[in-house]
Amino acid sequence: MIWLSVDTSGALPMRVDLVWENIDLFVEGVWLTVQLTGLALIIGFCIALPFGIARARNVRYLSPAIRTYVYAFRGTPLLIQLFLIYYGLGQFEAVRDSIFWAYLRSPWWCALLAFSLNSGAYATEIIRGAVATTPKGQIEAAMALGLRKWQVYALVVIPSALRRALPQYGNEVVFMLHGSSIASIITIQDILGAGRTLNARYYLAYEGFLTAAILYMAITLACVLAFRGLERHYLRHLAPR
Amino acid sequence: MKKLMLAAVASLTATAAVAQDLEICVEGAYPPFSETTAAGEVVGFDIDIANALCNEMGMSCEMVKTDWDGIIPALLEDKCDAIIASMSITEERRQVIDFSEKYYQTPAVFVAADGAYADSAAETLSGAVVGVQRGTIHQDFMEGEYPDVELRLYGTQDEAYLDLTAGRVDVLMADSEAMASGFLATEAGEGYSMFGEAFAIPEYHGDGAGIGVRQEDTELRDDFSAAITAIRASGEYDAIAANYFDYNIYGSD
(Lines give C-alpha, C1' and ligand atoms only; values in the text may rest on other atoms or scores of the structure.)
Protein backbone atom coordinates (compact mmCIF):
# COMPACT_ATOMS: atom_id res chain seq x y z
CA MET A 1 0.00 0.00 0.00
CA ILE A 2 1.87 2.97 -1.28
CA TRP A 3 -0.19 5.56 0.64
CA LEU A 4 0.90 4.07 3.94
CA SER A 5 4.45 5.13 3.21
CA VAL A 6 6.34 6.76 6.06
CA ASP A 7 7.53 9.55 3.80
CA THR A 8 5.78 12.66 5.12
CA SER A 9 7.30 15.30 2.90
CA GLY A 10 4.33 15.46 0.57
CA ALA A 11 0.60 15.67 1.17
CA LEU A 12 0.33 12.05 2.22
CA PRO A 13 -2.81 11.27 4.17
CA MET A 14 -1.20 9.26 6.96
CA ARG A 15 1.50 10.18 9.48
CA VAL A 16 2.50 6.59 10.13
CA ASP A 17 5.80 7.84 11.50
CA LEU A 18 4.02 9.44 14.46
CA VAL A 19 2.13 6.24 15.16
CA TRP A 20 5.42 4.37 15.06
CA GLU A 21 7.07 6.92 17.34
CA ASN A 22 4.35 6.24 19.92
CA ILE A 23 4.18 2.50 19.35
CA ASP A 24 5.04 1.80 22.99
CA LEU A 25 1.79 3.57 23.97
CA PHE A 26 -0.13 1.12 21.81
CA VAL A 27 1.84 -1.90 23.04
CA GLU A 28 1.05 -0.98 26.64
CA GLY A 29 -2.52 -0.28 25.54
CA VAL A 30 -2.94 -3.76 24.07
CA TRP A 31 -1.58 -5.31 27.25
CA LEU A 32 -3.96 -3.30 29.46
CA THR A 33 -6.96 -4.03 27.26
CA VAL A 34 -6.24 -7.76 27.11
CA GLN A 35 -5.53 -7.89 30.84
CA LEU A 36 -8.70 -6.01 31.86
CA THR A 37 -10.95 -7.84 29.41
CA GLY A 38 -9.50 -11.24 30.24
CA LEU A 39 -9.74 -10.83 34.01
CA ALA A 40 -13.25 -9.35 33.77
CA LEU A 41 -14.39 -12.33 31.68
CA ILE A 42 -12.91 -14.83 34.14
CA ILE A 43 -14.46 -13.12 37.17
CA GLY A 44 -17.71 -12.61 35.28
CA PHE A 45 -17.81 -16.31 34.41
CA CYS A 46 -17.22 -17.28 38.05
CA ILE A 47 -20.20 -15.10 38.99
CA ALA A 48 -22.34 -16.36 36.14
CA LEU A 49 -21.96 -20.12 36.59
CA PRO A 50 -23.66 -20.41 40.01
CA PHE A 51 -26.02 -17.53 39.27
CA GLY A 52 -27.08 -18.95 35.92
CA ILE A 53 -27.77 -22.38 37.39
CA ALA A 54 -29.67 -20.87 40.31
CA ARG A 55 -31.78 -18.87 37.89
CA ALA A 56 -32.48 -21.90 35.69
CA ARG A 57 -33.52 -23.94 38.72
CA ASN A 58 -35.54 -21.00 40.01
CA VAL A 59 -34.09 -21.23 43.52
CA ARG A 60 -36.37 -19.45 45.99
CA TYR A 61 -35.26 -15.94 47.12
CA LEU A 62 -31.94 -16.31 45.34
CA SER A 63 -33.39 -16.35 41.85
CA PRO A 64 -35.30 -13.00 42.11
CA ALA A 65 -32.22 -11.35 43.63
CA ILE A 66 -30.05 -12.55 40.77
CA ARG A 67 -32.68 -11.43 38.28
CA THR A 68 -32.55 -7.92 39.76
CA TYR A 69 -28.77 -7.86 39.43
CA VAL A 70 -28.95 -9.02 35.84
CA TYR A 71 -31.63 -6.47 34.99
CA ALA A 72 -29.67 -3.65 36.58
CA PHE A 73 -26.48 -4.41 34.68
CA ARG A 74 -28.05 -5.32 31.37
CA GLY A 75 -30.50 -2.46 31.58
CA THR A 76 -27.93 0.33 31.86
CA PRO A 77 -25.02 1.29 29.63
CA LEU A 78 -21.60 0.08 30.74
CA LEU A 79 -20.42 3.69 30.54
CA ILE A 80 -22.86 4.76 33.26
CA GLN A 81 -21.89 1.80 35.43
CA LEU A 82 -18.26 2.80 35.16
CA PHE A 83 -19.03 6.45 35.91
CA LEU A 84 -21.13 5.50 38.95
CA ILE A 85 -18.43 3.23 40.34
CA TYR A 86 -15.53 5.57 39.59
CA TYR A 87 -16.80 9.11 40.08
CA GLY A 88 -20.00 8.26 41.98
CA LEU A 89 -18.61 6.15 44.82
CA GLY A 90 -15.60 8.43 45.19
CA GLN A 91 -17.84 11.30 46.25
CA PHE A 92 -18.97 9.63 49.46
CA GLU A 93 -16.73 10.21 52.41
CA ALA A 94 -17.88 6.92 53.94
CA VAL A 95 -16.54 5.11 50.89
CA ARG A 96 -13.31 7.07 50.93
CA ASP A 97 -12.79 6.21 54.59
CA SER A 98 -13.57 2.52 54.14
CA ILE A 99 -11.06 -0.25 53.54
CA PHE A 100 -12.40 -0.62 49.99
CA TRP A 101 -10.99 2.77 49.06
CA ALA A 102 -7.55 1.27 48.63
CA TYR A 103 -9.01 -0.49 45.59
CA LEU A 104 -11.74 1.92 44.50
CA ARG A 105 -9.17 4.68 44.49
CA SER A 106 -7.47 3.04 41.54
CA PRO A 107 -9.01 3.43 38.08
CA TRP A 108 -7.82 -0.05 37.17
CA TRP A 109 -9.75 -1.75 39.97
CA CYS A 110 -12.84 0.36 39.28
CA ALA A 111 -12.76 -0.68 35.64
CA LEU A 112 -12.24 -4.33 36.56
CA LEU A 113 -15.16 -4.19 39.00
CA ALA A 114 -17.52 -2.58 36.50
CA PHE A 115 -16.49 -4.87 33.65
CA SER A 116 -16.68 -8.03 35.79
CA LEU A 117 -20.16 -7.23 37.12
CA ASN A 118 -21.33 -6.32 33.63
CA SER A 119 -19.90 -9.43 32.02
CA GLY A 120 -21.26 -11.51 34.90
CA ALA A 121 -24.79 -10.27 34.23
CA TYR A 122 -24.68 -11.09 30.53
CA ALA A 123 -23.03 -14.47 31.09
CA THR A 124 -25.61 -15.34 33.76
CA GLU A 125 -28.34 -15.03 31.15
CA ILE A 126 -26.35 -17.08 28.65
CA ILE A 127 -25.80 -19.89 31.14
CA ARG A 128 -29.37 -19.73 32.45
CA GLY A 129 -30.65 -20.14 28.91
CA ALA A 130 -28.30 -23.02 28.15
CA VAL A 131 -29.09 -24.87 31.39
CA ALA A 132 -32.83 -24.34 31.02
CA THR A 133 -32.85 -25.74 27.52
CA THR A 134 -30.96 -28.91 28.37
CA PRO A 135 -32.77 -31.66 26.47
CA LYS A 136 -34.96 -33.63 28.87
CA GLY A 137 -33.66 -36.88 27.41
CA GLN A 138 -30.13 -36.16 28.65
CA ILE A 139 -31.34 -35.67 32.21
CA GLU A 140 -33.59 -38.71 32.10
CA ALA A 141 -30.75 -40.80 30.74
CA ALA A 142 -28.44 -39.60 33.51
CA MET A 143 -31.04 -40.40 36.18
CA ALA A 144 -31.68 -43.79 34.62
CA LEU A 145 -27.96 -44.50 35.11
CA GLY A 146 -28.53 -43.98 38.83
CA LEU A 147 -26.66 -40.68 39.17
CA ARG A 148 -27.44 -38.48 42.15
CA LYS A 149 -28.88 -35.03 41.59
CA TRP A 150 -25.56 -33.21 41.97
CA GLN A 151 -23.91 -35.76 39.75
CA VAL A 152 -26.51 -35.13 37.07
CA TYR A 153 -25.57 -31.43 37.17
CA ALA A 154 -21.82 -31.86 37.46
CA LEU A 155 -21.45 -34.61 34.88
CA VAL A 156 -24.28 -33.98 32.44
CA VAL A 157 -26.20 -30.71 32.63
CA ILE A 158 -23.31 -28.26 33.14
CA PRO A 159 -20.91 -29.74 30.58
CA SER A 160 -23.74 -29.98 28.08
CA ALA A 161 -24.95 -26.42 28.80
CA LEU A 162 -21.48 -24.90 28.57
CA ARG A 163 -20.94 -26.54 25.22
CA ARG A 164 -24.18 -25.17 23.88
CA ALA A 165 -23.43 -21.74 25.39
CA LEU A 166 -20.14 -21.48 23.52
CA PRO A 167 -21.31 -19.51 20.44
CA GLN A 168 -23.22 -16.99 22.56
CA TYR A 169 -20.37 -16.69 25.02
CA GLY A 170 -17.97 -16.01 22.17
CA ASN A 171 -20.17 -13.04 21.35
CA GLU A 172 -19.96 -11.84 24.94
CA VAL A 173 -16.16 -12.03 24.82
CA VAL A 174 -16.04 -9.77 21.76
CA PHE A 175 -18.64 -7.47 23.27
CA MET A 176 -16.61 -7.15 26.48
CA LEU A 177 -13.42 -6.48 24.52
CA HIS A 178 -15.02 -3.58 22.71
CA GLY A 179 -16.82 -2.39 25.83
CA SER A 180 -13.49 -2.21 27.63
CA SER A 181 -12.52 0.70 25.39
CA ILE A 182 -14.43 3.06 27.71
CA ALA A 183 -11.72 2.46 30.32
CA SER A 184 -9.82 5.27 28.64
CA ILE A 185 -12.23 7.86 30.04
CA ILE A 186 -11.17 7.04 33.59
CA THR A 187 -7.50 7.71 32.77
CA ILE A 188 -6.58 4.12 31.85
CA GLN A 189 -4.20 4.09 28.91
CA ASP A 190 -5.72 1.17 27.04
CA ILE A 191 -5.73 0.85 23.25
CA LEU A 192 -8.27 3.62 22.78
CA GLY A 193 -6.44 5.73 25.37
CA ALA A 194 -3.32 5.53 23.21
CA GLY A 195 -5.36 6.56 20.17
CA ARG A 196 -6.88 9.47 22.08
CA THR A 197 -3.46 10.63 23.21
CA LEU A 198 -2.26 10.69 19.62
CA ASN A 199 -5.36 12.63 18.64
CA ALA A 200 -5.01 15.15 21.43
CA ARG A 201 -1.29 15.67 21.03
CA TYR A 202 -0.96 15.98 17.26
CA TYR A 203 -4.60 16.51 16.20
CA LEU A 204 -4.23 13.25 14.31
CA ALA A 205 -7.70 11.73 14.64
CA TYR A 206 -7.35 9.36 11.72
CA GLU A 207 -3.96 7.93 12.59
CA GLY A 208 -4.62 7.36 16.28
CA PHE A 209 -8.12 5.94 16.02
CA LEU A 210 -7.41 3.85 12.92
CA THR A 211 -4.44 2.24 14.65
CA ALA A 212 -6.64 1.55 17.66
CA ALA A 213 -9.37 0.10 15.41
CA ILE A 214 -6.89 -2.20 13.66
CA LEU A 215 -5.59 -3.45 17.02
CA TYR A 216 -9.13 -4.15 18.29
CA MET A 217 -9.88 -5.96 15.03
CA ALA A 218 -6.77 -8.09 15.40
CA ILE A 219 -7.66 -9.11 18.96
CA THR A 220 -11.27 -9.75 17.91
CA LEU A 221 -10.06 -11.98 15.10
CA ALA A 222 -7.91 -13.94 17.55
CA CYS A 223 -10.94 -14.40 19.85
CA VAL A 224 -13.20 -15.43 16.98
CA LEU A 225 -10.68 -17.98 15.75
CA ALA A 226 -10.17 -19.34 19.26
CA PHE A 227 -13.90 -19.80 19.74
CA ARG A 228 -14.26 -21.36 16.32
CA GLY A 229 -11.66 -23.91 17.40
CA LEU A 230 -13.43 -24.53 20.70
CA GLU A 231 -16.77 -24.94 18.97
CA ARG A 232 -15.30 -27.32 16.41
CA HIS A 233 -13.94 -29.40 19.28
CA TYR A 234 -16.78 -29.33 21.78
CA LEU A 235 -19.74 -29.14 19.43
CA ARG A 236 -18.46 -31.82 17.07
CA HIS A 237 -21.46 -33.98 17.89
CA LEU A 238 -23.78 -31.29 16.53
CA ALA A 239 -21.91 -30.77 13.27
CA PRO A 240 -23.69 -31.81 10.08
CA ARG A 241 -22.33 -35.06 8.73
CA MET B 1 -16.00 51.92 15.45
CA LYS B 2 -16.70 52.94 18.96
CA LYS B 3 -13.72 54.77 20.30
CA LEU B 4 -13.17 55.26 23.91
CA MET B 5 -11.14 57.83 25.74
CA LEU B 6 -9.63 56.62 28.95
CA ALA B 7 -8.35 59.01 31.52
CA ALA B 8 -4.73 59.65 30.67
CA VAL B 9 -2.18 58.67 33.23
CA ALA B 10 -1.57 61.20 35.97
CA SER B 11 1.65 62.63 34.63
CA LEU B 12 0.04 63.51 31.33
CA THR B 13 -3.17 65.11 32.55
CA ALA B 14 -1.74 68.61 32.44
CA THR B 15 -1.13 68.47 28.70
CA ALA B 16 -3.93 66.10 27.79
CA ALA B 17 -5.17 68.33 25.00
CA VAL B 18 -2.32 67.43 22.62
CA ALA B 19 -2.85 64.86 19.86
CA GLN B 20 -2.42 61.22 20.89
CA ASP B 21 0.94 59.65 20.05
CA LEU B 22 -0.33 56.09 19.97
CA GLU B 23 -3.63 54.36 19.55
CA ILE B 24 -3.81 50.95 21.18
CA CYS B 25 -6.30 48.24 20.34
CA VAL B 26 -7.71 46.60 23.46
CA GLU B 27 -10.42 43.99 23.69
CA GLY B 28 -12.69 44.21 26.73
CA ALA B 29 -14.12 40.71 27.12
CA TYR B 30 -11.41 38.64 28.77
CA PRO B 31 -11.50 39.23 32.49
CA PRO B 32 -9.47 39.90 34.49
CA PHE B 33 -7.13 40.97 31.69
CA SER B 34 -9.63 43.26 30.07
CA GLU B 35 -13.30 43.76 30.73
CA THR B 36 -15.91 46.37 30.00
CA THR B 37 -17.57 48.08 32.94
CA ALA B 38 -21.26 48.94 33.03
CA ALA B 39 -20.26 52.48 32.11
CA GLY B 40 -18.58 51.19 28.95
CA GLU B 41 -15.06 51.72 30.24
CA VAL B 42 -12.44 49.09 29.47
CA VAL B 43 -10.45 48.12 32.53
CA GLY B 44 -8.15 45.31 33.53
CA PHE B 45 -4.58 44.09 33.64
CA ASP B 46 -3.97 44.66 29.92
CA ILE B 47 -5.15 48.28 30.16
CA ASP B 48 -3.12 49.04 33.28
CA ILE B 49 -0.04 47.58 31.61
CA ALA B 50 -0.74 49.56 28.43
CA ASN B 51 -0.93 52.79 30.40
CA ALA B 52 2.21 52.01 32.34
CA LEU B 53 4.11 51.23 29.12
CA CYS B 54 2.94 54.46 27.44
CA ASN B 55 3.95 56.37 30.52
CA GLU B 56 7.35 54.71 30.48
CA MET B 57 7.87 55.53 26.79
CA GLY B 58 6.73 59.12 27.36
CA MET B 59 3.84 58.84 24.95
CA SER B 60 0.18 59.62 25.30
CA CYS B 61 -2.05 56.75 24.37
CA GLU B 62 -5.63 56.25 23.43
CA MET B 63 -7.34 52.91 24.00
CA VAL B 64 -9.41 51.68 21.06
CA LYS B 65 -11.89 48.99 22.00
CA THR B 66 -11.90 46.42 19.22
CA ASP B 67 -13.61 43.05 18.82
CA TRP B 68 -11.20 40.14 19.04
CA ASP B 69 -12.04 38.87 15.57
CA GLY B 70 -11.20 42.19 14.00
CA ILE B 71 -8.24 43.14 16.13
CA ILE B 72 -5.43 42.11 13.75
CA PRO B 73 -7.18 43.68 10.71
CA ALA B 74 -7.63 46.88 12.75
CA LEU B 75 -3.88 47.00 13.35
CA LEU B 76 -3.09 46.31 9.71
CA GLU B 77 -5.55 48.99 8.56
CA ASP B 78 -3.93 51.62 10.79
CA LYS B 79 -6.94 51.92 13.06
CA CYS B 80 -4.51 51.46 15.89
CA ASP B 81 -0.74 51.17 16.26
CA ALA B 82 -0.44 48.31 18.72
CA ILE B 83 -2.48 45.48 20.18
CA ILE B 84 -2.39 44.95 23.92
CA ALA B 85 -5.04 42.29 24.35
CA SER B 86 -3.52 39.17 25.94
CA MET B 87 -2.56 37.95 22.50
CA SER B 88 -0.43 34.81 22.60
CA ILE B 89 2.67 34.93 20.45
CA THR B 90 2.24 32.21 17.81
CA GLU B 91 4.01 31.30 14.60
CA GLU B 92 0.76 31.78 12.66
CA ARG B 93 0.33 35.35 13.89
CA ARG B 94 3.99 36.12 13.38
CA GLN B 95 3.43 35.72 9.66
CA VAL B 96 1.10 38.73 9.66
CA ILE B 97 2.20 40.94 12.52
CA ASP B 98 5.19 41.32 14.80
CA PHE B 99 5.36 40.99 18.57
CA SER B 100 7.26 42.64 21.39
CA GLU B 101 8.77 40.42 24.06
CA LYS B 102 6.08 38.81 26.20
CA TYR B 103 4.48 41.00 28.84
CA TYR B 104 2.97 38.08 30.69
CA GLN B 105 2.57 34.36 30.45
CA THR B 106 0.08 32.56 32.61
CA PRO B 107 2.44 29.97 33.99
CA ALA B 108 1.77 26.30 34.55
CA VAL B 109 1.46 25.50 38.24
CA PHE B 110 1.03 22.57 40.59
CA VAL B 111 -2.00 22.38 42.86
CA ALA B 112 -2.37 20.06 45.84
CA ALA B 113 -3.96 19.96 49.29
CA ASP B 114 -2.73 22.82 51.48
CA GLY B 115 0.72 22.08 52.80
CA ALA B 116 1.01 18.66 51.19
CA TYR B 117 4.30 19.49 49.49
CA ALA B 118 7.02 21.88 50.53
CA ASP B 119 8.24 22.59 47.01
CA SER B 120 7.91 21.39 43.45
CA ALA B 121 11.32 19.81 43.06
CA ALA B 122 11.39 16.57 41.10
CA GLU B 123 12.63 14.69 44.19
CA THR B 124 9.79 16.05 46.33
CA LEU B 125 7.16 14.89 43.86
CA SER B 126 8.82 11.58 43.11
CA GLY B 127 6.19 8.82 43.30
CA ALA B 128 3.25 11.23 43.51
CA VAL B 129 0.17 10.66 41.37
CA VAL B 130 -0.18 13.69 39.12
CA GLY B 131 -3.20 14.49 36.95
CA VAL B 132 -2.99 16.43 33.69
CA GLN B 133 -5.27 16.97 30.75
CA ARG B 134 -4.51 14.55 27.94
CA GLY B 135 -2.47 15.88 25.02
CA THR B 136 -1.73 19.28 26.53
CA ILE B 137 1.57 21.08 26.93
CA HIS B 138 1.31 20.08 30.60
CA GLN B 139 1.51 16.38 29.75
CA ASP B 140 4.63 17.03 27.68
CA PHE B 141 6.12 19.09 30.48
CA MET B 142 5.48 16.41 33.10
CA GLU B 143 6.84 13.63 30.90
CA GLY B 144 9.90 15.72 30.12
CA GLU B 145 10.73 17.11 33.54
CA TYR B 146 9.12 14.74 36.07
CA PRO B 147 9.78 11.20 34.87
CA ASP B 148 9.37 9.77 38.40
CA VAL B 149 5.72 10.68 38.95
CA GLU B 150 2.74 8.52 38.10
CA LEU B 151 0.88 10.45 35.44
CA ARG B 152 -2.92 10.22 35.04
CA LEU B 153 -4.43 11.58 31.84
CA TYR B 154 -7.84 13.22 31.87
CA GLY B 155 -10.14 14.16 29.02
CA THR B 156 -11.24 17.36 30.71
CA GLN B 157 -9.83 19.50 33.47
CA ASP B 158 -13.09 19.12 35.42
CA GLU B 159 -12.60 15.36 35.73
CA ALA B 160 -9.13 16.00 37.07
CA TYR B 161 -10.56 18.34 39.74
CA LEU B 162 -13.05 15.61 40.76
CA ASP B 163 -10.27 13.07 41.22
CA LEU B 164 -8.12 15.49 43.17
CA THR B 165 -10.94 16.11 45.65
CA ALA B 166 -11.70 12.37 45.77
CA GLY B 167 -8.05 11.76 46.63
CA ARG B 168 -7.22 9.65 43.58
CA VAL B 169 -4.50 12.01 42.46
CA ASP B 170 -2.16 13.90 44.77
CA VAL B 171 -1.28 16.78 42.49
CA LEU B 172 -2.61 18.55 39.42
CA MET B 173 -0.54 20.39 36.86
CA ALA B 174 -2.30 22.93 34.63
CA ASP B 175 -2.51 26.55 33.55
CA SER B 176 -2.53 28.92 36.52
CA GLU B 177 -5.54 30.95 35.38
CA ALA B 178 -7.58 27.82 34.64
CA MET B 179 -6.82 26.45 38.11
CA ALA B 180 -7.34 29.76 39.88
CA SER B 181 -10.74 30.56 38.40
CA GLY B 182 -11.89 27.05 37.52
CA PHE B 183 -11.04 25.30 40.76
CA LEU B 184 -9.36 27.19 43.58
CA ALA B 185 -11.95 29.99 43.56
CA THR B 186 -14.82 27.49 43.75
CA GLU B 187 -16.23 25.70 46.76
CA ALA B 188 -14.65 22.41 45.72
CA GLY B 189 -11.25 24.07 45.68
CA GLU B 190 -11.28 24.91 49.38
CA GLY B 191 -8.31 23.39 51.16
CA TYR B 192 -6.24 23.25 47.98
CA SER B 193 -3.64 25.68 46.79
CA MET B 194 -0.83 26.25 44.33
CA PHE B 195 2.62 25.35 45.50
CA GLY B 196 6.17 25.49 44.27
CA GLU B 197 7.44 27.10 41.13
CA ALA B 198 5.35 28.77 38.40
CA PHE B 199 6.58 27.36 35.09
CA ALA B 200 6.73 29.17 31.77
CA ILE B 201 9.40 27.42 29.76
CA PRO B 202 9.26 28.34 26.04
CA GLU B 203 10.18 24.79 25.02
CA TYR B 204 7.00 23.49 26.66
CA HIS B 205 4.76 26.45 27.34
CA GLY B 206 5.23 28.67 24.30
CA ASP B 207 6.14 32.34 24.25
CA GLY B 208 3.41 34.00 26.27
CA ALA B 209 1.37 37.08 25.43
CA GLY B 210 3.06 39.92 23.57
CA ILE B 211 2.22 43.33 22.21
CA GLY B 212 1.29 43.16 18.55
CA VAL B 213 2.65 45.74 16.10
CA ARG B 214 2.83 46.02 12.33
CA GLN B 215 5.80 44.21 10.85
CA GLU B 216 7.39 47.42 9.56
CA ASP B 217 7.24 49.11 13.00
CA THR B 218 10.35 47.43 14.35
CA GLU B 219 11.32 50.51 16.33
CA LEU B 220 7.98 50.63 18.14
CA ARG B 221 8.28 46.91 18.82
CA ASP B 222 11.68 47.38 20.43
CA ASP B 223 10.44 50.39 22.40
CA PHE B 224 7.65 48.27 23.86
CA SER B 225 10.07 45.47 24.73
CA ALA B 226 12.39 47.97 26.43
CA ALA B 227 9.48 49.53 28.31
CA ILE B 228 8.35 46.10 29.55
CA THR B 229 11.84 45.49 30.91
CA ALA B 230 11.85 48.96 32.49
CA ILE B 231 8.53 48.68 34.34
CA ARG B 232 9.50 45.23 35.57
CA ALA B 233 12.77 46.65 36.90
CA SER B 234 11.06 49.62 38.55
CA GLY B 235 8.57 47.45 40.39
CA GLU B 236 5.61 49.07 38.66
CA TYR B 237 4.79 45.83 36.86
CA ASP B 238 4.59 43.89 40.11
CA ALA B 239 2.45 46.59 41.69
CA ILE B 240 -0.08 46.32 38.86
CA ALA B 241 0.00 42.51 38.80
CA ALA B 242 -0.63 42.37 42.56
CA ASN B 243 -4.03 43.99 41.97
CA TYR B 244 -5.14 41.06 39.85
CA PHE B 245 -3.15 37.93 40.63
CA ASP B 246 -1.74 36.35 43.75
CA TYR B 247 0.93 34.47 41.83
CA ASN B 248 3.69 35.31 39.40
CA ILE B 249 1.86 36.17 36.17
CA TYR B 250 5.02 37.01 34.23
CA GLY B 251 6.26 33.44 34.37
CA SER B 252 9.88 32.49 33.94
CA ASP B 253 12.36 35.15 32.77
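Residues numbered from 1 in each chain as written. Chains lettered and ligands numbered in written order. Predicted model: local features only at pLDDT ≥ 70, side-chain atom pairs only at ≥ 80, totals over all residues. Heavy atoms only, no water.

Identification of chain B as Lysine/arginine/ornithine-binding periplasmic protein from Pontivivens insulae is taken from an unreviewed UniProt entry. In its Sequence similarities (unreviewed entry) section, the UniProt entry covering chain B states "Belongs to the bacterial solute-binding protein 3 family." For the record of chain B, the UniProt heading Subcellular location (unreviewed entry) holds the text "Cell envelope". (UniProt positions renumbered as here; feature names shortened; annotations may be inferred.)

The name that an unreviewed UniProt entry assigns to chain A is Octopine transport system permease protein OccM, with the source organism given as Pontivivens insulae. Looking at the Sequence similarities (unreviewed entry) heading of the UniProt record, one finds this comment for chain A: "Belongs to the binding-protein-dependent transport system permease family. HisMQ subfamily."

Turning our attention to the overall build of chain A. Scanning chain A from terminus to terminus reveals 11 helices and zero strands. Counting from the amino terminus, chain A carries its helices and strands in the arrangement α-α-α-α-α-α-α-α-α-α-α. For chain A, the C-alpha radius of gyration of 22 Å lies well beyond 18 Å, the compact-globule estimate for 241 residues. Seen through its C-alpha atoms, chain A measures out along the principal axes to roughly 75 × 60 × 25 Å. Counting across all 241 residues of chain A, residues that qualify as buried make up 42%. By sequence separation, contacts in chain A at least 24 residues apart represent 75% of the contacts at least 6 residues apart. One way to put it: in chain A the 20 positive side-chain charges average out to a point 21 Å from where the 13 negative ones average out. (Helix = DSSP H or I, 4+ residues; strand = E, 2+ residues; numbered from the N terminus. Rg over C-alpha atoms; globule rule 2.2 N^0.38 Å. Buried < 20%, exposed > 50% of the residue type's maximum accessible area, 1.4 Å probe, protein only. Contact = heavy atoms within 4.5 Å. Lys, Arg positive; Asp, Glu negative; His and termini not counted. Charge placed at Lys NZ, Arg CZ, Asp CG, Glu CD.)

Bringing the nonpolar core into the picture now. Judged by nonpolar contacts, the single largest core of 63 residues is most densely connected at Phe115(A) and Ile186(A). Looking at this core, the element that brings in the most residues is helix α9 (residues 149-179) of chain A, giving 12 residues. Setting aside chain neighbours within four positions, we find Ile186(A) in contact with Leu82(A), Tyr86(A), Tyr87(A), Pro107(A), Cys110(A) and Ala111(A). Counting residues in hydrophobic clusters, the runner-up holds 35 residues, among them Ile47(B), Leu53(B), Tyr103(B) and Ile211(B). (Core = buried A, V, L, I, M, F, W, Y, C linked by side-chain atoms within 4.5 Å.)

Let's shift gears to the pairing of strand β7 (residues 98-104) of chain B. Residues and elements named next belong to chain B. The element β7 is extensively covered by neighbouring structure, given that six of its seven residues are classed as buried. Taken together, the four bridges between β7 and strand β13 (residues 209-213) define a ladder with antiparallel strand orientation. Bridge assignment links Tyr 104 to a residue of β13, and that residue is Ala 209. (Pairing = 2+ DSSP bridges.)

The subject of this paragraph is the interface of chain A and chain B. On the side of chain B, 17 residues touch chain A, which itself brings 20 residues to the contact. Summed over both sides, the interface of chain A with chain B buries roughly 1500 Å², with 42% coming from carbon and sulfur. The partner of Arg105(A) in a salt bridge is Asp170(B), and the shortest N-O contact between them spans 3.5 Å. Inspection of the chain A/chain B interface yields seven residue pairs in polar contact (both at pLDDT 80 or more). Of all the secondary structure elements, the ones that give two or more residues to the side of chain A that touches chain B are α4 (78-88), α6 (101-104), α7 (107-132) and α10 (191-202) of chain A. Looking at the side of chain A that touches chain B element by element, the count peaks at five residues for α10(A). For the side of chain A that touches chain B, the per-class residue count stands at nine nonpolar, seven polar and four charged. (Buried area = accessible area lost by both parts, 1.4 Å probe. Salt bridge = Lys/Arg side-chain N within 4 Å of Asp/Glu carboxyl O. Polar contact = N/O pair within 3.5 Å; in protein donor to acceptor, adjacent residues only side chain to side chain. Nonpolar A, V, L, I, M, F, W, Y, C, P; charged D, E, K, R; others polar.)

Here we take up the UniProt feature "transmembrane region" (unreviewed entry) in chain A. Residue and element names in this part refer to chain A. UniProt records the feature "transmembrane region" (unreviewed entry) at residues 30-54, 66-87, 99-118, 173-192 and 204-227, using the numbering of this structure. Along residues 173-192, the helical share is 45% and the strand share 0%, with 18 Å between the first and last C-alpha atoms. Structurally, residues 204-227 is divided into 96% helix and 0% strand, and its ends, taken at the C-alpha atoms, are 35 Å apart.

On to the pattern of salt bridges. Residues and elements named next belong to chain B. Under the definition given, this model contains 13 salt bridges over all chains. Residue Arg 152 pairs with Glu 150 through a salt bridge whose shortest N-O separation is 3.0 Å. Classification of Arg 152 by relative accessible area gives buried; the value is 9%. By relative accessible area, which is 39% here, Glu 150 ends up partly exposed.

What follows concerns the side chain of Ser86(B). Residue and element names in this part refer to chain B. Checked against the element boundaries, Ser 86 lands in strand β6 (residues 82-88). We classify Ser 86 as buried; its relative accessible area is 9%. A polar contact of 2.8 Å, which involves the side chain of Ser 86, links it to the side chain of Tyr 104. Not counting residues up to four positions away in its chain, the partners in contact with Ser 86 are Tyr 30, Phe 33, Asp 46, Tyr 103, Tyr 104 and Ala 209.

Residue and element names in this part refer to chain A. Residue Asn 58 is not a glycine yet carries a positive backbone phi of 55°. Looking at where Asn 58 falls in the secondary structure, it is placed in the loop between α2 (23-57) and α3 (62-74). In the Ramachandran plot, Thr 187 falls in the positive-phi region, its phi being about 75° despite a non-glycine side chain. Along the polypeptide, Thr 187 turns up in the loop between α9 and α10.

Residues and elements named next belong to chain A. Put simply, α10 and helix α11 (residues 205-234) touch, their axes get as near as 7 Å, and they point 165° apart. With respect to their mutual orientation, α10 and α11 come out roughly antiparallel. Crossing of α10 against α11: the hand is right-handed. Listed contacts from α11 to Ile 191, Leu 192, Gly 195, Arg 196, Leu 198 and Asn 199 of α10 are Ala 205, Glu 207, Gly 208, Phe 209, Ala 212, Leu 215, Tyr 216 and Ile 219. Residue classes in the contact of α10 with α11 are distributed as nine nonpolar, three polar and two charged. (Axes fitted to C-alpha atoms, helices over the stretch in contact; angles between N-to-C directions. Parallel < 35°, antiparallel > 145°, perpendicular 65-115°, else oblique. Left-handed = near helix turned anticlockwise from the far one by under 90°.)

On to the state of the cysteines. Residues and elements named next belong to chain B. Inspection of the entire model under this criterion finds two disulfides over all chains. Paired through a disulfide, Cys 25 and Cys 80 show a sulfur-sulfur distance of 2.1 Å. In this structure the cystine formed by Cys 25 and Cys 80 twists about its S-S bond by roughly -100°; its chirality is therefore left-handed. Here the residue Cys 25 occupies a position in strand β1 (residues 22-26), and Cys 80 occupies one in the loop between α2 (71-76) and β6, the gap between them amounting to 55 residues. (Disulfide = S-S within 2.5 Å.)

Residues and elements named next belong to chain B. Strand order across the open sheet formed by three strands is β2-β3-β4, with antiparallel pairing between neighbours. Sheet topology places β2 (29-30) and β4 (42-43) at the edges, where each strand pairs with a single neighbour. Two elements, strand β3 (residues 34-36) and β4, share two bridges in a ladder whose sense is antiparallel. Directly across from Glu 35, in β4, lies its bridge partner Val 43.

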